[in-house]
Amino acid sequence: MDTSNFIDNQPDDQQVTAVISHFVRKGREQGYEEWLKGISADARKFEGHCGLTILRPQPGTRSDYVIILRFDSYHHLQQWMNSEVRKHWIERAEPLTQKVENVQILTGLDYLVSLPGQTPLKPPPRYKTAILVSMGVYFCSILLGVVVMPHLMVLPFMLRQAIMVAITVGLLTYLVMPFLTKIFAKWLHS
């Protein structure tokens, strides 16, 4: 794993995210899905594992899968990425994929403003990340306040808020931030 673009002076107690892209060979998707189940199960056993998200290709698009893997610290992520268990799984993936995996290492909210498959030389400045995430949260809260909140008024306050937070995070992660990141890409990484 090439972490030369990762800033080495990150605090070890900060959550870290690895964004991994694999281009799957045509006709090998089912084998890759089985491979994903196996490697995911083994990753969950490692200390500090905080979860993973798999973004599958849409029908008719490129055959790239994106795995968003979260650990509680860079040290724990490094233990997984350099483990013999993972090396074994990566060797097993070679006949299933077209090229070597692309790995990005991100800290904090950086993963929300990075495009899969494109590794910037360094993450955008934190103030730019904060501005863009604030814009995303603002638009989500306005939209959800008008469209969803009226339907939730019969629920208890805490449950209502939990639902709103879950929907906001989902929208930010999968729709709003990827959209804003593409629009503001030049500004973010200038």
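This text goes with the structure placed above it.
So, here is what we can say about the structure in this document. (Residues numbered from 1 in each chain as written. Predicted model: local features only at pLDDT ≥ 70, side-chain atom pairs only at ≥ 80, totals over all residues. Heavy atoms only, no water.)

**Re the packing of aromatic side chains**
Alright, step 1. Tallying each qualifying case throughout the model produces five aromatic pairs.
Alright, step 2. Ring geometry for Phe-184 against Trp-187: centres 6.3 Å apart, planes inclined by 70°, an arrangement best described as edge-to-face.
Alright, step 3. Judged by relative accessible area, which is 27%, Phe-184 ranks as partly exposed.
Alright, step 4. Overall, the relative accessible area of 32% leaves Trp-187 in the partly exposed class. (Phe/Tyr/Trp six-rings, centres within 6.5 Å; stacked < 30°, edge-to-face > 60°. Buried < 20%, exposed > 50% of the residue type's maximum accessible area, 1.4 Å probe, protein only.)

**Some details on the side chain of Thr-97**
Alright, step 1. For Thr-97, the position within the fold is in the loop between helix 3 (84-93) and strand 4 (102-107).
Alright, step 2. Excluding anything up to four places from it in sequence, Thr-97 contacts His-22, Phe-23, Val-24, Arg-25 and Tyr-32. (Helix = DSSP H or I, 4+ residues; strand = E, 2+ residues; numbered from the N terminus. Contact = heavy atoms within 4.5 Å.)

**Observations concerning the pairing of strand 3 (residues 64-71)**
Looking down a regular strand, the side chains alternate between one sheet face and the other.
Alright, step 1. By the criterion of burial, strand 3 is predominantly enclosed, with eight of the eight residues buried.
Alright, step 2. Pairing analysis gives six bridges linking strand 2 (residues 49-55) to strand 3, with the strands arranged antiparallel. Each residue of the ladder has a partner; that of Thr-53, found in strand 3, is Ile-68. (Pairing = 2+ DSSP bridges.)

**Regarding the packing of helix 4 (residues 126-147) against helix 6 (residues 157-183)**
Alright, step 1. Axis separation between helix 4 and helix 6 bottoms out at 9 Å; the angle between their running directions is 130°. Here helix 4 lies oblique to helix 6, going by the angle between them. Crossing geometry of helix 4 relative to helix 6 is assigned as right-handed. Counted together, Leu-132, Val-133, Met-135, Gly-136, Val-137, Cys-140, Leu-144 and Gly-145 of helix 4 and Met-164, Ile-167, Thr-168, Leu-171, Leu-172, Val-176, Met-177, Leu-180 and Thr-181 of helix 6 form the full contact between these two elements.
Alright, step 2. In the contact of helix 4 with helix 6, the residues fall into 13 nonpolar, four polar and no charged. (Axes fitted to C-alpha atoms, helices over the stretch in contact; angles between N-to-C directions. Parallel < 35°, antiparallel > 145°, perpendicular 65-115°, else oblique. Left-handed = near helix turned anticlockwise from the far one by under 90°. Nonpolar A, V, L, I, M, F, W, Y, C, P; charged D, E, K, R; others polar.)

**Structural notes on helix 4**
Spacing of three or four residues puts side chains on the same side of an α-helix, whose turn is 3.6 residues.
Alright, step 1. With 22 residues, helix 4 should cover 32 Å at 1.5 Å per step; its first-to-last C-alpha distance of 31 Å lies within 8% of that length.
Alright, step 2. Looking at helix 4, one finds that the buried residues are Lys-128, Thr-129, Leu-132, Val-133, Gly-136, Cys-140 and Leu-144. Buried residues along helix 4 cover an arc of 125° about the axis, so they all sit on one side. In helix 4, the exposed positions angled more than 90 degrees off the buried face are occupied by Tyr-127 and Val-146.
Alright, step 3. Next to the buried residues of helix 4 lie helix 5 (149-152), helix 6 and helix 7 (185-188). (Expected span 1.5 Å × (residues − 1). Arc of directions from axis to C-beta.)

Such coordinate-based values are descriptive only and should not be taken to indicate function.
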